[in-house]
Amino acid sequence: MRLLIDEKGNTYLVNGKFDFHTKYGFITGKDLNSAKPGDVLKSNIGRTFRILNPNVVDYFHKAKRGPQAVTLKDCGTIVAKTGISSNSKVLESGTGSGLLSIFLANSVSPGKLTTYEIRDDFAEIARKNFERFNIKNINLKAGNIYEGINEKNLDAIILDLPEPWFVVEHAKKALKVGGYLTSYSPSITQSKKIHDALEQDFESETIETLERTWNMKTVRPNTRMLGHTGFITIARFMG
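Residues numbered from 1 in each chain as written. Predicted model: local features only at pLDDT ≥ 70, side-chain atom pairs only at ≥ 80, totals over all residues. Heavy atoms only, no water.

A. Focus on the overall build of the protein. Along the protein, the regular secondary structure elements total seven helices and 15 strands. In terms of principal-axis extent, the alpha carbons of the protein reach across some 65 × 45 × 30 Å. A sequence separation of at least 24 residues applies to 59% of the contacts in the protein between residues at least 6 apart. Considering the protein, the positive charge centre built from 33 side chains and the negative charge centre built from 26 side chains are found 8 Å apart. (Helix = DSSP H or I, 4+ residues; strand = E, 2+ residues; numbered from the N terminus. Contact = heavy atoms within 4.5 Å. Lys, Arg positive; Asp, Glu negative; His and termini not counted. Charge placed at Lys NZ, Arg CZ, Asp CG, Glu CD.)

B. Local environment of the nonpolar core. Among the nonpolar cores identified, the biggest contains 34 residues, and Ile84, Ile102 and Ile158 are the most heavily contacted of them. Broken down by secondary-structure element, the contributors of at least two residues to this core are α2 (56–62), α3 (72–82), α4 (99–108), α5 (120–132), β9 (138–142), β10 (154–159), β11 (175–185) and β15 (231–237). Of all the elements, α4 adds the most residues to this core, at seven residues. When sequence neighbours within four positions are dropped, the list of residues in contact with Ile158 reads Ile78, Ile84, Val90, Leu91, Glu92, Ser93, Leu100, Leu104 and Thr182. (Core = buried A, V, L, I, M, F, W, Y, C linked by side-chain atoms within 4.5 Å. Buried < 20%, exposed > 50% of the residue type's maximum accessible area, 1.4 Å probe, protein only.)

C. Examining the sheet that holds strand β7 (residues 90–93) more closely. Here seven strands make up an open sheet; going across it, the order is β9-β8-β7-β10-β11-β15-β12 and the pairing mixed. Only two strands of the sheet have a single neighbouring strand rather than two, namely β9 and β12 (202–207). Adjacent strand axes in the sheet meet at a mean angle of 15° when their direction is disregarded. Both β10 and β11 contribute to a ladder of five bridges, which runs parallel. Looking at the pairing, Ile158 lines up with Thr182 of β11. Strand contacts of α5: β8 (113–117) and β9, with the helix running at about 165° to β9, the strand carrying the most contacts. (Pairing = 2+ DSSP bridges. Axes fitted to C-alpha atoms, helices over the stretch in contact; angles between N-to-C directions.)

D. Quick peek at the pairing of β9. Sheet topology places β8 next to β9; five bridges connect them, and they run parallel. Residue pairing in the sheet places Tyr116 in a bridge with Lys141 of β9.

E. Structural view of the sheet that holds strand β2 (residues 11–14). Reading across the sheet, the four strands line up as β2-β1-β6-β5 and stay open at both edges, with antiparallel pairing between neighbours. Only two strands of the sheet have a single partner each, and these edge strands are β2 and β5 (40–42). For this sheet, the mean angle separating the axes of adjacent strands, direction not counted, is 30°. Bridge analysis of strand β1 (residues 2–6) against strand β6 (residues 48–52) gives four bridges, and the strand direction is antiparallel. Across the sheet, Leu3 pairs through a bridge with Leu52, a residue of β6.

F. Quick peek at the environment of Trp165. Residue position: Trp165 is located in the loop between β10 and α6 (168–174). For Trp165, a relative accessible area of 18% gives the class buried. The spacing of Trp165 and Pro110 is 55 residues in sequence and 31 Å in space, taken between C-alpha atoms. Contacts of Trp165, omitting those with residues within four sequence positions, involve Gln190, Lys193, Ile194 and Ala197.

G. Examining the pattern of salt bridges more closely. For the structure shown, the criterion picks out 10 salt bridges. Of the charged contacts in the structure, one is a salt bridge between Arg119 and Asp121, with a shortest N-O distance of 2.6 Å. The class of Arg119 is partly exposed, set by a relative accessible area of 41%. Asp121 sits in the partly exposed class, given a relative accessible area of 41%. (Salt bridge = Lys/Arg side-chain N within 4 Å of Asp/Glu carboxyl O.)

H. Local environment of the packing of aromatic side chains. This model, assessed by the stated rule, comprises seven aromatic pairs. Where Tyr12 meets Phe49, the ring centres are 6.1 Å apart and the plane angle is 65°; that geometry is what we call edge-to-face. You can see Tyr12 sitting in strand β2 and its partner Phe49 sitting in strand β6, a full 37 residues away along the chain. Owing to a relative accessible area of 18%, Tyr12 belongs among the buried residues under this scheme. Assessed through its relative accessible area of 0%, Phe49 is described here as buried. With 4.6 Å between their ring centres and 20° between their planes, Tyr59 and Phe133 make a pair best called stacked. Of this pair, Tyr59 sits in helix α2 while Phe133 sits in the loop between α5 and β9, placing them 74 residues apart in sequence. Exposure remark for Tyr59: the relative accessible area of 15% places this residue in the buried category. Taking relative accessible area as the criterion, Phe133 reaches 3% and is therefore assigned buried. Taken together, the ring pairs connect Tyr12, Phe20 and Phe49 into an aromatic cluster. One Lys or Arg, Arg65, reaches over the ring of Phe60 and ends 5.5 Å from the middle of that ring. The cationic tip of Arg119 hangs over the ring face of Phe122; the distance from NZ or CZ to the ring centre is 3.9 Å. (Phe/Tyr/Trp six-rings, centres within 6.5 Å; stacked < 30°, edge-to-face > 60°. Lys NZ or Arg CZ within 6 Å of the ring centre and 35° of its normal.)

In structure tokens, the structure reads:
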């Protein structure tokens, strides 16, 4: 894969083996395949494109969307708050389009992420995203986590589900002592219900992350900001 950045800052994620066609002309697959990160290529009409190797953030932005996905700022918060790292044993449920899965899989690599998705149509979108970006350390399973968890000795369970409180009892049997159960919910009432279900055996907090950019020419915050997207409940299993 190659990441191309045009003169206006637009980005394109392409397979370097084939010709790349755009309104700014085309670049041959031969030139793309031989280019190194930092090289500048010209299209047949003279427009320039800088070449970079893509990373997980580029995959996140370019993945195909289906159901509403967890945002990048919330993905980062989940990983930071749970301490997920290389070889952590992590289970996700509510795969959706697979965007959070891609982020988590990058964090646990070379370990493997297991993710449950009950809907075949969502699973197919996620599977195509994983294949497109050549992500091989995700085990996508058809399953209903409300009915139970097969995996054991987990470092973290990450949920993006409408009724996460139904997973709490299963999580107690699947998590390591000190492991984390995390739930992403758009509604505070959902967060309250899982908080109440967690009270006895978990230490938990519920947070939201807000992101505001600054205009560094005027040294003032931009008018628009990425505000509320969801509530994140982070709960540590006490045993």
